Amino acid sequence: MPSFLSCVAPLCRAFRPLAIFNHKTHRQNPLFAALFSSSSRPRSTVSAERSREVIKTKQRRLSVIHDPYLNRGTGFSADERERLCLRGLVPPREQQLEQQIKRVMATYYRQRSNLDKFQYLSLLMDRNTVLFYRILNDYFPELAPIVYTPTVGEACQKFHAIYRRTRGMYFSMDDRNHFRTMVYNWPRPHVDVIVVTDGSRVLALGDLGCNSMNIPIGKLALYVSAAGLNPLRVLPVVLDVGTDNDELRENSLYLGLPKKRLKGQAYLELIDEWISAIRQRWPDVLIQFEDFSSDVANTLLERHRYASAPVFNDDIQSTGCVAVATILSSLRARGKPISAITNETIVCTGAGSAGLGVCHAIVDAMVDAGSSRDEAYSRFYVLDKDGLLGEGATNRVHESAHKFIRSDLEDGMKLEDVVRKVQPSILLGLSGQGGLFTEQIIRDMAKFQKQPVILPMSNPSDASECTASDTFRWTNGRAIFASGSPFNNVTLGDGQLCHSNQANNVYSFPGLGLAVTALRISCVTDSMFLAAAKRIAQLLPDREVQNGLLFPPVKDLRSVSAEVAAAVGMVAVEEGLVREQIDDKLRTDAKAMHAFMHSQMWQPKYSHLVAEQAV
Ligand SMILES: NC(=O)C1=CN([C@@H]2O[C@H](COP(=O)(O)OP(=O)(O)OC[C@H]3O[C@@H](n4cnc5c(N)ncnc54)[C@H](O)[C@@H]3O)[C@@H](O)[C@H]2O)C=CC1
Ligand SMILES: CC(=O)C(=O)O
Ligand SMILES: [Mg+2]
């Protein structure tokens, strides 16, 4: 029997010329109406109310302690100890979360390296879900660089060497034709978000094959911590389609298939089979494509974004969102209206999926601010490893780069020459090349612009095109700076405090996931990301923005995510993509939507464990 995907995919591909999702056209189309309104979940009306959580369990004794979601370590109450048969299995004195946090953090600080800290936190995550997320929330600015970029990069590189126990699911090319049964091996009935990678481009570290599992795990930890997704309902996935990383493939400790990467039609069919299997068990689940190399990232997004909803690519779309937010906020910092985005001159180094995703998102923002699409494209100068994309670049770049090809400048022109020639207001780094923005280039930027906007967005830290301290020194503190991985703020010799912002997609994807889950949004559209970007750019008062702080610090990510979720939710209502039945107040009142998103967040606290009778 032909699969659902094989039936609808050719029809959906016919709609691809609509590169920017036109929701009105799509809604009027019966095919899309059917796709986006179908659901296997029973409908219930959602309001801002939320009931207090009680967990019922049939488990007893050590199986309670060995289940990280039920385990409270020393924190079981007397009642729980009695009813769940835990007397004598844990030390006698009951402790509160605060005391547990104190002990865990003291041990954390004794870890010698960042990788040791990463491992220690992974073990905690395996042991006690609530304690892990409470600590991640309370110490977010300190711990995020460990569970996420930059340390997660090192943890991926060494995954085969430090592996301890499994988390998430692996679908390998040897499992083809079994995906539909394999999905039922996942023990939890509900999944809201899947982050999936094939490990073909992990940060700027290249092809890490099956070692990439820590990326989906890390991203999902951020979904839980930064937006309150339920940790029981997230699933990290690696598609092991081989690796072209010879060193890994030849290492006997490597845990993926020691085979070369699957390519071409066979690769696309494997992804089709996987998505179809996932949709069969969890029709509504949000699928986030993560760290797919640029040769497949766009193809996969276009193939699945309308055929299998909801799907998005984090590196293309959420990175675009945070870049637009950064630029809009930088306009406020420069004392300009945000509509002045149409006048920016942008040099972007990197024409991969992230670089082009960012450039296309900025084009959309310029069009939204009143520019024509052609005028918007003309504001860009995009470079790849061979220099400026001029007329000779047509054959070497992905078709999504064609609109950015310049006919007025020489193909392959060097970055320093481009900067001198066009005197950009914004310099974007999505090249993965650490140190690409040299002293000369940054000093030139500062010559041409009173407040040059310098955005080295590549990860991890070593791949950053420049550092915060160099940038502020070379511009005498005049630059507006945001990087992909975190840098400390910088105090210059004269005592001036310069803010280092983090332009990372963590500001957007968690909130998007919260909205999609809470409202059962059927399709992720580019207008949702634009609305989120505009919201993020307005979160801080003028006073702070004018001091160079572009958006709230990462410690406030939960409130940022609620704002993002509310913005996404309002767009979804307008576009007719909400499948949950919601009351009228939520449809019309942005404040109610915001309160609702807050109310939907999972909180890391010990809810009451109730012993259910085993049958
Ligand atoms: N801050 C954030 O939230 C995010 C950052 N990124 C980062 O963006 C970077 C790029 O990601 P992808 O586009 O997926 O990678 P990619 O490897 O597909 O693209 C890299 C691009 O940089 C170009 N390049 C290489 N050397 C260059 C040079 N000397 N000058 C100009 N261009 C050069 C390449 O030709 C290619 O076009 C990675 O470091 C990734 O970690 C990606 C997603 C989100
Ligand atoms: C942040 C991210 O998604 C990346 O560097 O790939
Ligand atoms: Mg990524």
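Quick note: structure is the one above.
Cut-offs applied
- Residues numbered from 1 in each chain as written.
- Chains lettered and ligands numbered in written order.
- Predicted model: local features only at pLDDT ≥ 70, side-chain atom pairs only at ≥ 80, totals over all residues.
- Heavy atoms only, no water.
- Helix = DSSP H or I, 4+ residues; strand = E, 2+ residues; numbered from the N terminus.
- Buried < 20%, exposed > 50% of the residue type's maximum accessible area, 1.4 Å probe, protein only.
- Contact = heavy atoms within 4.5 Å.
- Areas by Shrake-Rupley, 256 points an atom, 1.4 Å probe, with all protein chains shown as cover.
- Lys, Arg positive; Asp, Glu negative; His and termini not counted.
- Charge placed at Lys NZ, Arg CZ, Asp CG, Glu CD.
- Pairing = 2+ DSSP bridges.
- Axes fitted to C-alpha atoms, helices over the stretch in contact; angles between N-to-C directions.
- 1 Å grid on protein atoms, 1.4 Å probe; cavity = no way out; pocket = protein on both sides within 12 Å on 5 of 7 lines; lining within 4 Å.
- Points joined across faces, edges and corners; volume = space filled by probe spheres on them.
- Nonpolar A, V, L, I, M, F, W, Y, C, P; charged D, E, K, R; others polar.
- Polar contact = N/O pair within 3.5 Å; in protein donor to acceptor, adjacent residues only side chain to side chain.
- Parallel < 35°, antiparallel > 145°, perpendicular 65-115°, else oblique.
- Left-handed = near helix turned anticlockwise from the far one by under 90°.
- Expected span 1.5 Å × (residues − 1).
- Donors = N, O, S within 2.8 Å, 3.2 Å for Na, K, Ca; no water.
- Near = heavy atom within 4 Å.
- Phe/Tyr/Trp six-rings, centres within 6.5 Å; stacked < 30°, edge-to-face > 60°.

Just checking my understanding: could you explain the overall build of the protein chain for this structure?
Along its length, the protein chain carries 28 helices and 18 strands. Taken along the three principal axes of its C-alpha coordinates, the protein chain extends 75 × 65 × 60 Å. Put simply, the protein chain has 615 residues, and 60% of those count as buried. In the protein chain, the share of contacts with a sequence separation of at least 24, taken over all contacts with a separation of at least 6, comes to 72%. A total of about 25,000 Å² of accessible surface is found on the protein chain, and carbon and sulfur atoms cover 50% of it. Between the centroid of the 71 positive side chains of the protein chain and the centroid of its 65 negative side chains there is a distance of 6 Å.

I would appreciate a short explanation of the sheet that holds strand β5 (residues 234–240) in the present structure.
As a general point, the strands of a sheet are linked pairwise by backbone hydrogen bonds and lie either parallel or antiparallel. Judged by pairing direction, the sheet is parallel, and its 5 strands sit side by side in the order β3-β5-β4-β6-β7 without closing on themselves. The two strands at the open ends of the sheet, each matched to only one other strand, are β3 (169–172) and β7 (311–313). The mean inter-strand angle of the sheet, taken between neighbouring strand axes irrespective of direction, is 25°. When β3 meets β5, the two strands line up parallel, connected through 4 bridges. Looking at β5, one finds that F171 is bridged to L239.

Would you take a moment to explain empty space enclosed by the protein for this structure?
Using a probe with the size of a water molecule, rolled over the atoms, empty space left in the structure can be pinpointed. Under the defined criterion, the tally for this structure stands at 2 cavities of 30 Å³ or more. Put simply, the largest cavity is a space of about 370 Å³. Lining the largest cavity are 22 residues, and of these F118, S122, R165, N214 and I217 lie nearest its centre. For the lining of the largest cavity, the secondary structure elements donating two or more residues are α7 (114–127), α11 (159–162) and α13 (214–227). A per-element tally of the lining of the largest cavity places α7 first, with 7 residues. In terms of residue class, the lining of the largest cavity is made up of 13 nonpolar, 5 polar and 4 charged. Here the second largest cavity is characterised by a volume of approximately 40 Å³. E53, I55, Y69, R72, V130, W602, Q603, K605, Y606 and S607 are the residues that line the second largest cavity. Class assignment for the residues of the lining of the second largest cavity results in 5 nonpolar, 2 polar and 3 charged.

What am I meant to see in the environment of N71 here?
Considering the arrangement of structural elements, one finds N71 in the loop between α4 (62–65) and α5 (78–83). Through-space distance from the C-alpha of N71 to that of N128 is 5.6 Å; in sequence the pair is 57 residues apart. Each residue touching N71, except ones within four places of it in the same chain, is listed here: V64, I65, F76, R127, N128 and Y606. A distance of 3.5 Å separates the side chain of N71 from the backbone oxygen of I65, its partner in a polar contact. Of the polar contacts made by the side chain of N71, one reaches the backbone nitrogen of G73; its length is 2.9 Å.

Got a minute to help me understand the packing of helix α23 (residues 509–519) against helix α26 (residues 557–574) in this structure?
Two quantities define a packed helix pair, namely the angle between the helix axes and the distance between the axes. Relative orientation of the contacting elements α23 and α26 amounts to 50°, with a least axis distance of 7 Å. As far as their axial angle goes, α26 and α23 are oblique. Between α23 and α26 lies a crossing whose hand is right-handed. The residues of α26 that touch α23, namely those facing P510, G511, L512, L514, A515 and L519, are S561, V564, A565, V568 and G569. Each residue belonging to the contact of α23 with α26 can be placed in one class, and the counts come to 8 nonpolar, 3 polar and no charged.

Could you clarify how one ought to interpret helix α18 (residues 353–368) in this entry?
In an α-helix, one full turn covers 3.6 residues, which means residues spaced three or four apart are oriented alike. Between its first and last C-alpha atoms α18 spans 22 Å; for 16 residues at 1.5 Å apiece the expected length is 22 Å, and the two agree. The element α18 is extensively covered by neighbouring structure, given that 13 of its 16 residues are classed as buried. Following α18 by one or two positions, G370 adopts a phi angle in the positive range, close to 115°.

Can you walk me through the pairing of strand β11 (residues 426–429) in this structure?
Successive side chains on a regular strand alternate, one facing one side of the sheet and the next facing the other. Here β11 shows two buried faces, one formed by I426 and L428 and the other by L427 and G429. Where strand β8 (residues 346–349) lies against β11, 4 bridges are found, and the strand directions are parallel. Bridging from a neighbouring strand, T349 pairs with G429 of β11. As judged from the 4 bridges shared by β11 and strand β12 (residues 453–456), these two strands associate in the parallel manner. Looking at the pairing, G429 lines up with P456 of β12.

Would you mind showing me how to read the coordination of the magnesium ion (ligand 3) here?
Note on metal geometry: ideal angles are 109.5 degrees for four donors arranged tetrahedrally and 90 or 180 degrees for six donors arranged octahedrally. Looking at the metal site, the magnesium ion (ligand 3) is ligated by E290 (OE), D291 (OD) and D315 (OD), spaced 2.0 to 2.1 Å from it. Site description for the magnesium ion (ligand 3): donor spacing in sequence, E-D-x23-D. Taken together, the residues span a long stretch of sequence, with D291 in the loop between β6 (286–289) and α16 (294–304) and D315 in helix α17 (residues 314–333) at a distance of 24 residues. When sorted by exposure, D291 lands in the same class as D315, which is buried.

Explanation requested: the site of ligand 2 in the structure shown.
Around ligand 2, a shell composed of Y148, R201, L203, K219, E290, D291, D314, D315, N459, N504 and N505 is seen. Here an oxygen atom of ligand 2 sits 2.9 Å away from a polar atom, N or O, in the side chain of K219. Taking E290, its side chain carries an N or O atom lying 3.0 Å from an oxygen atom of ligand 2. A total of 210 Å² of accessible area belongs to ligand 2 in isolation, and the protein chains cover 91% of it. Looking at the shell around ligand 2 residue by residue, the classes come out as 2 nonpolar, 3 polar and 6 charged.

How do you make sense of the packing of aromatic side chains when you look at a structure like this?
For any pair of aromatic rings, the description consists of the separation of the ring centres together with the inter-plane angle of the planes. By the definition in use, this model includes 14 aromatic pairs. Ring centres 5.2 Å apart and planes at 65° place the aromatic pair F380 and F404 in the edge-to-face group. Of this pair, F380 sits in strand β9 (residues 380–384) while F404 is found in the loop between β10 (387–388) and α20 (415–422), placing the two residues 24 residues apart along the sequence. When sorted by exposure, F380 lands in the same class as F404, which is buried. One aromatic cluster is present, built from ring pairs that chain together F132, Y133 and W602.

Remember, this is a structural readout, not a statement about activity or role.
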